[in-house]
Structures are given as C-alpha cells and as structure tokens.
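So you can see what is in the structure, the chains are spelled out below.
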Amino acid sequence: MIVGGGGGGDPDRAAFSDSHPFNAQVWSLFADQAETRDCSVDRADPVSMDLETAVANTRQLLDREAGSGALEAFDASPDASSADKATAAAVAAVLSSNKAGALAALLAAARDEPDDPRHLVNAAGLLPDFDLASEALAFLDAAEGMGAPASTPYGLDQRAVLLNNRGRALLALQRWDDAASVLQEAYELDPALAEAATNLSLALLCQGQRDEAMSFARAGRYRENPGFTEKDGVSTPKPEDVYDLDSGVGATDGLIPPMELPQTPGDGVAQRPSLSALKQEVLDRTIQAATDTGRLLVEVAGANPPPITKTRNDDIMLAISAINTDDGAVAAEWQAVTETSDAAFAVWDEHFGPAGTVEQLSDACGGDDWDGCMRTDCIPTTASAHSEWLGHLEDLDAALRTWADAYYPMATAIAGHIGNPGQYQLAMLTIQGQLDQAFLTLVSRAEEFAISEDHDRELCVEGFGPEPEAPELTDAPGGEPCSMPTGDWSITIAGVSISIECSDWTLEASTPGPIGAFLQVSSKGGETTIFCGPTASLSIGPFSAGSKSGFYLTSSPTTGVRDFGYRVEPASVGLTGGPISLNAASMESMDFSFVGITAYLPGV
C-alpha cells in the first residue's frame, strides 16, 4: 500500500485519491454547473478589520445560531481547557459534519495558544462556509505576523496552507483573479497540497480559462504526481506509481497451461475433437466465473461498505483491468500476443478463408478428375501453409507465457491491497479470467486451423496423426488479501475512532461533548481536509518526530469521509506493527491542521 518515496530520503506516501481515475467528461458537467451557479455572482470587496473584530463577529454568529450561552458553555468545558484538547474537539466536530462546533473549538485553541498561527489558519479555512470571508482574511493577516509554527503536519509548507485558505476566502468574495494569484503560489510552494490546485481550478474557470481549469482540477485529485493511461477522456493513474508492487505472486509455471500444437496437417485433423473440447472447457470456466462473480458482488454489496472503501476497491479493480490497455504496464507484452495471433489468423485466412488458396484451387480444377487435381495441389500447399501457421502459433504460445509472467505478479500485487476476502476473490476471478481468455486465444487459433484441415481432409491432408492427451486446466496460484505488511492503524480523537486496514475503512463517532450544542448551525456544505502529524517532541508508532510524518483525511457533510492518506518518513518504516501502525488514545500527542477546500468542483 505504500507508494512513492524511494531515493533521496523522501518520505513514503499513500493516498486513496492517488489511485482514483479522473473523468474529464464528468468534470465538465460540474464545471458547467459552477459557471452558471458560482462564476456569475457579483464581485465583492473585502471589509478591512483587525483580528479582535473578526473574532467578535465570529462569536456573534455562533451565539446567534446556537443560542445564548452555548459558546460560553463550551469555553468552560474540559474540551476547551487546552489548545490540544480544543484542537482534538475541532477534529471530532468536523468528522461529525459539525463545522460550527469545529469553529468554536478553534477559537478556544487560539485563545489558549495565542502565538500559534496554525489555529488562526485552521479557523480561516472554515469561516467562508459561514459567509465570513472578510473575517477569514483578518485571521490570516494576523497569522502571517506570527512567523512559522514549530512543526507542520504531513510535511506541508505552512505558508502554502495559509495562502490556500486566503485563496478560498477570495473565492467566496468572487475575486477570481486575486484568488488565482495566491492559489498558484500556494500550489507551487507545495504540490502535495492538492486543495490549492482544486481551488485554483475554480478561479481559472470563472475567468474563462476552462482548459487550464481542468488541468488543475485533475492535479487537485492527487497528492503525488502519477503517470496516467488515457482512454475515452478518463485518466487512470498508472499502477506502478500508486501501488506497492513488491508483494505480488511471482511468475510461475502453470499460468498458461502447456499445450501440444499440431505439427502437421494430419495432426490438426487428429486434434480437432480435443481442441474443440478444450475450447468448450475454457468457455465453461468463463461461464462459471461469471456466476461466481455475480454471487460475490451480491455478497460484497450486502456488507454495505462505506463509500470510501467501495471507491477504493473499485479503483483497485479498474487498475487490474487497465494493465493490458494501450499504454498499460504490460502493453508491449500484450501487443506481442495480439500481433502473433493476428499473424496466425492471416495464414488461415489466406489459405482456407473466402477467396483463399483452397477456393482458388477448387475453381481452377476441372474435368473428370477434380478430386485428383485438388489432391495434387492442395496437399502440398496445405502442408506449406500449416508450417507457416505453426511458426506463428509457436510465437503466440511463447508470447502468451511472456505476457503472463509480466501480468500476473503485477495484477496480484494490486489485488493484494484489498482487505475484504469476498472483494479479493472478485479480484482473483478477474485475474484468472484474463489468463483464461489469453489461453483461449491460443486454443481458438489452433482449433480454427484444425477445423479447416478436418473439413478438407480428403482433398488436402494425408497421414493423420494420433490424438494427443488434452492439457489439464488449473487455477493459477493465488495470493492472500492484503498480503503486504501494512498492518493497520487506528486513532481516537475526542470520541471519534478512525480505523484503516488495507482498502477497508471504518469511522465510529459519538457526540463530542459540549460541541454538540452547535450541531444546529448549518454551513454551505464544503469539504474540509484534516492533516495530522506528530509533535516535535514525540514519536508514535511509525511516525517519527520529523515534520513530514502524518496522515490526512477529507470530510464532507454530504458524503462523509471521502479520502485519506498517510506519509511516513523513511526512518520510521519497519517499526513494530508495520509501516502504518498507529494507536493513540488522545490528542495530547498529535497536532492538526485544517485546510478548507471548496465544494464547487469536487474531484471526479
């Protein structure tokens, strides 16, 4: 599951969004809506104010919506007794789709640690959801005067985070050109801050720069910069760039069953029944696999996995199917299969096909001894054609085995990211089905020639050979669900428990104390990304004390948790529990950063 990293001491990263395809047509639909709904709104000027006024305005909004005394009750609660606890409460509130509660908690954190700019930056990411864009700008102006924080979770550039939230406030004011300028700077400072690219996409769209907007919308989908395969307007990240491919099942005998090829036309006649039976056996396996797939789809769907788990598993299945595409990882090997198969068919078509050699000989022979004429010419020409065809078929057999040796380890490595056994069986059925279809190509090409030789056996063939023993069809050796040593991790923050293992994800939330008083406050419904990392003085699980370790989680009131990922410094990989094992009972040991992003153009 770990991707990226490598040389140069860079940290390893994994992000569910990095494996998700980008559909240009779907994005265009969202863009059309955004142009009509958002880009035509009148431009507004920010209201200049100091931090004290901005905080007062924010508290007034919370008091007005939540009721008199609710904010004071939270300020006096244990959740607001320290900046760490208040930040933990803010995270819990966001995960409970309660941005108003998060905002109240962040005000408390800023009160408890007035010299830490992160609390103001975090709050500024939420303020535009409450029509407080000018207040957000005042928060950010004050944060800029505080200098750099002691640590930054996920290794994000803190100035990039600040500029992103400034850009979001400017978007709320419909100041598209101003927003584009600061968002461009934010993204250039830290390309891992995908939120800046997403926001920049809207700023460009509303200035009529649609192509550039789509480019940044795609960039906003990914934490890393993967390569893509392109097909029908869909950009699919290349598996080698977004999955760990070290744990697949290695190349082994038996992926493509051994098969005795007809060496002469007589062998073709003799093998025709066994080849037809073998072809039917492969087709029967395909039908059974389709039945098993239908049963497993019902079983997996019945488990009602969270949307993020379903999306991740869909991405994994798509990645497996994309291995053979035109610019896929084994495209060259599959192209060799296609070319040798076509070459074998071309020989059949030239000899036995319509207007082929056999038909031409038939037309040329006449008189009383038509049979003798045909045998005189057809037997040697068929033997010559068979020899040419056999060379191509041997090449096809070799190409299939070369392809399988490249395809199977990669396909099983990708499938190994799946945690659910039923979903994993679906993946393995897909992989075995691809091997069966590849073998069927060989069998069909062999049967094709044998059928024609058998049909014309009295005129074009002599010396029939014995029927060989049919090969036994077996399944390729299977791996295990989530076979790589990723372990699992969970973290509990103020009543919210997050657990992730391989592709599977769970979230359990309870009402986080006094913050629940603010649930009645509604916002515009945008997404919020939470970044978590260790403090400078502590190390937990795989996360070292450096500022580049941590995880992120994107949450929306309408979709719940939509994405997550983690980043681990090289020094921490291999610690007890696997490279993403994390268990923490409270917020005391973690720091968070919120990065507000717009809901206008969701990553698609």
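Residues numbered from 1 in each chain as written. Predicted model: local features only at pLDDT ≥ 70, side-chain atom pairs only at ≥ 80, totals over all residues. Heavy atoms only, no water.

## Brief notes about the overall build of the protein
Cut-off, in case you're wondering: Each helix is a run of DSSP H or I of at least 4 residues and each strand a run of E of at least 2, with the numbering of both proceeding from the N terminus. Per-residue accessibility, obtained with a 1.4 Å probe over protein chains only, is compared with the maximum for each type, and a residue is labelled buried under 20%, exposed over 50%, and partly exposed between these values. It only takes one pair of heavy atoms within 4.5 Å for two residues to be counted as in contact.
Summing up its helical and strand segments, the protein has 19 helices and 12 strands in all. In the protein, buried positions account for 53% of the 604 residues. Considering only intrachain contacts with a sequence separation of at least 6, the fraction spanning at least 24 residues in the protein is 77%.

## Things to note about the sheet that holds strand β4 (residues 234-237)
Heads up, the condition is: Two strands qualify as a pair provided that DSSP identifies no fewer than 2 bridges between them.
A sheet is described by the order of its strands in space; here three strands give the open sequence β2-β4-β3, paired in antiparallel fashion. Both outer strands of the open sheet, β2 (22-23) and β3 (228-231), are each paired with one neighbouring strand and no more. In the sheet, β2 pairs with β4 via two bridges, with the strands oriented antiparallel. Pairing of Phe-22 across the sheet is with Ser-235, part of β4.

## With respect to the environment of Gln-184
Inspection of the secondary structure assignment puts Gln-184 in helix α9 (residues 176-189). A C-alpha to C-alpha distance of 9.9 Å links Gln-184 and Phe-216, two positions 32 residues apart in sequence. Contact partners of Gln-184, with chain neighbours within four places excluded, come to Leu-200 and Phe-216.

## Describing the packing of helix α5 (residues 99-112) against helix α6 (residues 117-126)
Inclusion rule: With axes taken as lines fitted to C-alpha atoms, and helix axes fitted only over the stretch in contact, angles between N-to-C directions fall between 0 and 180 degrees. Our angle categories are set so that under 35 degrees counts as roughly parallel, over 145 as roughly antiparallel, 65 to 115 as roughly perpendicular, and the remainder as oblique. In this scheme the handedness of a crossing depends on how the near helix is turned from the far one: anticlockwise by less than a right angle means left-handed, clockwise means right-handed. Classification used: nonpolar for Ala, Val, Leu, Ile, Met, Phe, Trp, Tyr, Cys and Pro, charged for Asp, Glu, Lys and Arg, polar for all others including Gly.
Where α5 contacts α6, the two axes come as close as 9 Å, and the packing angle between them is 160°. Taken together, the axes of α5 and α6 lie roughly antiparallel to each other. By crossing handedness, the relation of α5 to α6 is classed as left-handed. Contact residues: Lys-99, Ala-102, Leu-103, Leu-106, Ala-109 and Ala-110 in α5; His-119, Leu-120, Asn-122, Ala-123 and Leu-126 in α6. Grouping the amino acids of the contact of α5 with α6 by side-chain chemistry returns eight nonpolar, two polar and one charged.

## Considering the pattern of salt bridges
Pairing between side chains of opposite charge can happen when their charged atoms approach one another. How we decide: Put simply, a salt bridge is a Lys or Arg side-chain nitrogen that is within 4 Å of an Asp or Glu carboxyl oxygen.
Applying the stated criterion to the full structure yields 29 salt bridges. With a shortest N-O distance of 3.0 Å, Asp-112 and Arg-111 are connected by a salt bridge. By sharing partners, the salt bridges in this structure join Arg-43, Asp-45, Arg-175, Asp-177 and Asp-178 into a single network.

## So, the packing of aromatic side chains
Using the following cut-off: Stacked, tilted and edge-to-face are the three classes assigned to paired rings of Phe, Tyr and Trp, where Trp is represented by its six-membered ring and a pair needs centres within 6.5 Å; plane angles under 30 degrees give stacked, over 60 edge-to-face, the rest tilted.
A full pass over the atoms with the stated rule returns 11 aromatic pairs. Here Tyr-154 and Tyr-552 contribute two aromatic rings whose centre-to-centre distance is 5.7 Å and whose plane-to-plane angle is 80°, an arrangement assigned as edge-to-face. In this pair, Tyr-154 is assigned in the loop between α7 (133-144) and α8 (158-172) and Tyr-552 in strand β9 (residues 550-556), connecting sequence segments 398 residues apart. Assigned by exposure class, Tyr-154 and Tyr-552 land together as buried.

## Section: unusual backbone geometry
Here the phi dihedral of Asp-232 falls at roughly 55°; this positive angle occurs in a residue that is not glycine. Assignment of secondary structure puts Asp-232 in the loop between β3 and β4. Assessed through its relative accessible area of 64%, Asp-232 is described here as exposed. The phi torsion at Ala-355 lies on the positive side, around 65°, for a residue other than glycine.

## Comments concerning the packing of α7 against α8
Contact geometry of α7 with α8 gives a least axis separation of 9 Å together with a crossing angle of 160°. Viewed along their axes, α7 and α8 adopt a mutual orientation that is roughly antiparallel. At the point where α7 passes α8, the crossing takes the left-handed sense. Residue-level inspection shows Ala-133, Ala-136, Leu-137, Leu-140, Asp-141, Ala-143 and Glu-144 of α7 in contact with α8, the latter providing Arg-159, Leu-162, Asn-165, Arg-166, Ala-169, Leu-170 and Ala-172. Looking at the contact of α7 with α8, its residues break down into nine nonpolar, one polar and four charged.

## Looking at the state of the cysteines
Cut-off, in case you're wondering: Criterion for a disulfide: a pair of cysteine sulfur atoms at a distance within 2.5 Å.
Using the criterion set out here, one finds three disulfides in the structure. A disulfide bridge connects Cys-39 with Cys-206, and the sulfur atoms are separated by 2.0 Å. Here Cys-39 and Cys-206 share a disulfide; its torsion about the S-S bond, -70°, makes the bridge left-handed. Here Cys-206 lies in the loop between α10 (194-205) and α11 (210-219) and Cys-39 lies in the loop between α1 (24-37) and α2 (51-66), a separation of 167 residues in the sequence. Owing to a relative accessible area of 17%, Cys-39 belongs among the buried residues under this scheme.

## Section: the pairing of strand β10 (residues 560-568)
β10 sits mainly inside the fold: seven of its nine residues count as buried. Here seven bridges tie β9 to β10, and the two strands are oriented antiparallel to one another. The residue of β10 that forms the bridge with Gly-550 is Arg-567. The loop that links β9 with its antiparallel partner β10 comprises three residues.

## Some details on the side chain of Glu-135
Formally: Charge convention: Lys and Arg are scored as positive, Asp and Glu as negative, and His as well as the terminal groups of each chain are ignored.
Tracing the backbone through its elements, the reader meets Glu-135 in helix α7. No salt bridge is formed by the buried Glu-135; its nearest oppositely charged neighbour, Arg-64, is found at 9.1 Å. Glu-135 has contacts with Met-49, Ala-54, Asn-57, Thr-58 and Leu-127, leaving out every residue within four places of it along the chain.

## Observations concerning helix α14 (residues 307-321)
Our working definition: Multiplying 1.5 Å by the helix residue count minus one yields the expected span of that helix.
In a regular helix each residue adds 1.5 Å, so 15 residues correspond to 21 Å; α14 covers 21 Å between its end C-alpha atoms and thus fits that length. The set of residues buried in α14 consists of Ile-308, Thr-309, Arg-312, Asn-313, Asp-315, Ile-316, Met-317, Ala-319 and Ile-320.

## A short note on helix α13 (residues 265-302)
As a reminder, the rule being used: Working definition for bend: take the seven residues up to and ending at a residue and the seven starting at it, fit an axis to each, and measure the angle between the axes.
The end-to-end C-alpha distance of α13 is 54 Å, a good match for the 56 Å that 38 residues give at a rise of 1.5 Å each. At Gln-271, α13 shows its strongest bend, of approximately 50°, with the proline Pro-273 following within four residues. Of the residues flanking the end of α13, it is Asn-304, one or two places downstream, whose phi is positive at about 50°.

## Details of the confidence of the model for the protein
The cut-off we apply is this: A residue's pLDDT is the predictor's confidence in that residue, given on a scale from 0 to 100.
Confidence in the prediction of the protein, expressed as mean pLDDT, is 84, and 87% of residues score 70 or more. Looking across the protein, the model is least confident in strand β11 (residues 583-584), with a mean pLDDT of 40, and most confident in α7, with 97. Confidence drops under pLDDT 50 across residues 1-9; counting only partners more than four residues distant or on other chains, this segment forms 32 contacts. Confidence drops under a pLDDT of 50 for residues 536-542, and excluding neighbours within four residues, the segment shows 21 contacts in the predicted structure.

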